[in-house]
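Letter by letter, the chains look like this.
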Amino acid sequence: MNPNSFQVENLITLALVFFVSLVLAVIFTPLADRLARKLGIMDPPGTRKIHKSSVSLLGGLAMALALFLTLISLVQWSSEMQAFLTGAAIVTAIGLLDDQRGLGPGIKFTGQITAVVIFLLLGGDLLRNLGNILGTGDLELGFFAPWLTVLGMVGLINAFNLSDGLDGLAAGLAGIACIFLIPFAYAQENWTFLLVLTSLFGAILGFLRYNSFPARIFMGDAGSLFLGFCLAAAAVSLADPAAAAKDYRPVTALIIFSLPIADTLYVMFRRLLHGQNPSRGDRSHLHHRLLDIGLGHQLSVSLLYGLMFLTGVAAWSMRPLPEHVQFFALLGFYLTLYIFLYVCEQKRKDRASFQARQVSKLSMRPLKGLYGFLIRHTKKIAAIIFVLFSLPVLAVNPSGTYTAPYQFFLIIFTVIYYPWRGGTRHMSLAQGLVFFNLFSLILIYNLYFAGIDLFALWIITLAATALTAAVLRMGSLKRLMLILPGSFEFLLLGVAITVPVLLHYFVFVDLVFRYILFKSFLLSLCFVVFHKVYLRNKPGHNLMVILLLLAAHSTIMIRPL
């Protein structure tokens, strides 16, 4: 892995844009929360809503300001950037007015169409060809290209607007979409939207610090319309005539965004079928239906994150197939998904009896004697495992592995993101950061000790021991449920597992490094499961682990100095 100076310069620029946008979002979001409470821009509880007290609605403004300031201050100005920022500013303003005053559907649609038209006129981007999605030849749009481009972008904007129903849901789905679009922008050398998507991802992560369950602030219509516009603009810009040579086609974007699109189409069709106003809200969205069949808030969000990652990976893996095969496979997948969900709803009679049946199946405690020993010596076992895990830090000299900048970012990210004063309510954030620090430390171990059989045997044995201890400690459903990832935790897990798949577009990342990434991910899961089973509900112990990991990264980073 030997990046040249041009690649290093590009990566430094992207890292700076991402980091500045993230930090600004972390700073602006609590300020927006205070402003919203002062101005009374709040979302009160209601029959269709999950929250039970009023929550501020200006999180979208924080994300938008973070992205605008980052791009204006760090990115070279261009006509395409001007077109994007103008359209994004208009759609954000419409969303803010709606959050404050409650605009009618007609005014909101007019504002969205205005923002899209201005973006298309200033930027010159159009969706001119839908590809061979029906198997009858390419569908050239011709005269209808401008109209269908506007329709498609406005539709995607509203798809993200309607997906904003659970804490962290819309922001997380948008962040996952960024992960899969960024490599396409890199491959096409579309620097404008490469920087836009990178900055957007940073702003989303910064906002999720306060929007993950339980949310302190909502993004409001300003945020959901802003996210939808950014992603719609990127999708259209990346669909230029040369994009097919980079394996990016309209069906690729359709698969990546298929989850919010399918949910929107289903909800609209259902409302029309029942003679209802399509713009009138109800509880027919996918996230509401998951809640109604008995899944909890975080589990529902995590499941939808998983579906979004699944469709993103499918969009990448199916690129060699004919476009119509991809399209009809997508239709088949969602037909199967909705049929399965319908069957689950029909079988769902009584939530309490359902949960009781699950508990009765999983409440046995295996190996009672050993189980008791593990309970009595929880602290000692955890301390031994993590001390042994940290020992290789003393032998690592990262010279030539290019890890110091990454570790510096990781430390700063953890310091500003970790819920230092949070308790068990914010465990998803804490656990996600523990995982990412564990994963990163194991990755550095594997890079430095590559080819050393003794180390490979040591780390695999230790991981297997940690996983075995965790499995033996799980003696009840309550503790078994602890290993299920929270929403933010699932997002970071998805980032870690999908990035190795996507990194082949960065030319200096070879197959060996991608294998090391996958290996590090699998090993880190063993330690994360152990940590969650033993320490998750103990914020003080969790804090000790994160401090230990930060100390390990700091030691490795400063050693060459």
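Residues numbered from 1 in each chain as written. Predicted model: local features only at pLDDT ≥ 70, side-chain atom pairs only at ≥ 80, totals over all residues. Heavy atoms only, no water.

Let's talk about the overall build of the protein chain
- Scanning the protein chain from N- to C-terminus turns up 23 helices and 2 strands.
- By the burial criterion, 53% of the 561 residues in the protein chain qualify as buried.
- Within the protein chain, contacts between residues at least 6 apart in sequence are counted, and of these 79% link residues at least 24 apart. (Helix = DSSP H or I, 4+ residues; strand = E, 2+ residues; numbered from the N terminus. Buried < 20%, exposed > 50% of the residue type's maximum accessible area, 1.4 Å probe, protein only. Contact = heavy atoms within 4.5 Å.)

Digging into the environment of Leu-85
- Assignment of secondary structure puts Leu-85 in helix α3 (residues 79–101).
- Measuring from C-alpha to C-alpha, the distance between Leu-85 and Ala-64 comes to 9.9 Å, with 21 residues separating the pair along the chain.
- With near-sequence residues (within four places) excluded, Leu-85 lies in contact with Leu-67, Phe-68, Leu-71, Ile-72 and Trp-77.

Let's talk about helix α13 (residues 323–347)
- Spanning 25 residues, α13 covers 37 Å between terminal C-alpha atoms, matching the ideal 36 Å at 1.5 Å per step.
- Every buried residue of α13 is accounted for by Glu-323, Gln-326, Phe-327, Leu-330, Tyr-334, Leu-337, Tyr-338 and Leu-341.
- Buried-residue contacts for α13 involve α9 (250–256), α10 (258–273), α11 (286–292) and α12 (297–317). (Expected span 1.5 Å × (residues − 1).)

Structural notes on the side chain of Asp-98
- Following the sequence through the fold, Asp-98 ends up in helix α3.
- Within polar-contact distance, the side chain of Asp-98 engages the side chain of Lys-108 at 3.3 Å.
- Apart from the residues lying within four places of it in its own chain, the contact partners of Asp-98 are Leu-103, Lys-108 and Asp-221. (Polar contact = N/O pair within 3.5 Å; in protein donor to acceptor, adjacent residues only side chain to side chain.)

Some details on the pattern of salt bridges
- Enumeration according to the criterion identifies 6 salt bridges in this entry.
- Among the salt bridges present, the one from Glu-345 reaches Arg-289, with a minimum N-O distance of 2.7 Å. With Glu-345 in helix α13 and Arg-289 in helix α11, this residue pair connects regions lying 56 residues apart in the sequence.
- Residues joined by salt bridges that share partners form a network here, namely Asp-33, Arg-37 and Arg-216. (Salt bridge = Lys/Arg side-chain N within 4 Å of Asp/Glu carboxyl O.)

Looking at helix α19 (residues 453–473)
- For α19, built from 21 residues, the straight-helix expectation of 30 Å at 1.5 Å per residue is met to within 8% by its first-to-last C-alpha distance of 30 Å.
- Residues Phe-455, Ile-459, Leu-462, Ala-463, Ala-466, Ala-469, Ala-470 and Arg-473 constitute the buried set of α19. Buried residues of α19 fall within an arc of 125° about the axis and therefore sit on the same side. Exposed residues on α19 whose side chains face more than 90 degrees from its buried face are Asp-453, Leu-454 and Leu-457. (Arc of directions from axis to C-beta.)

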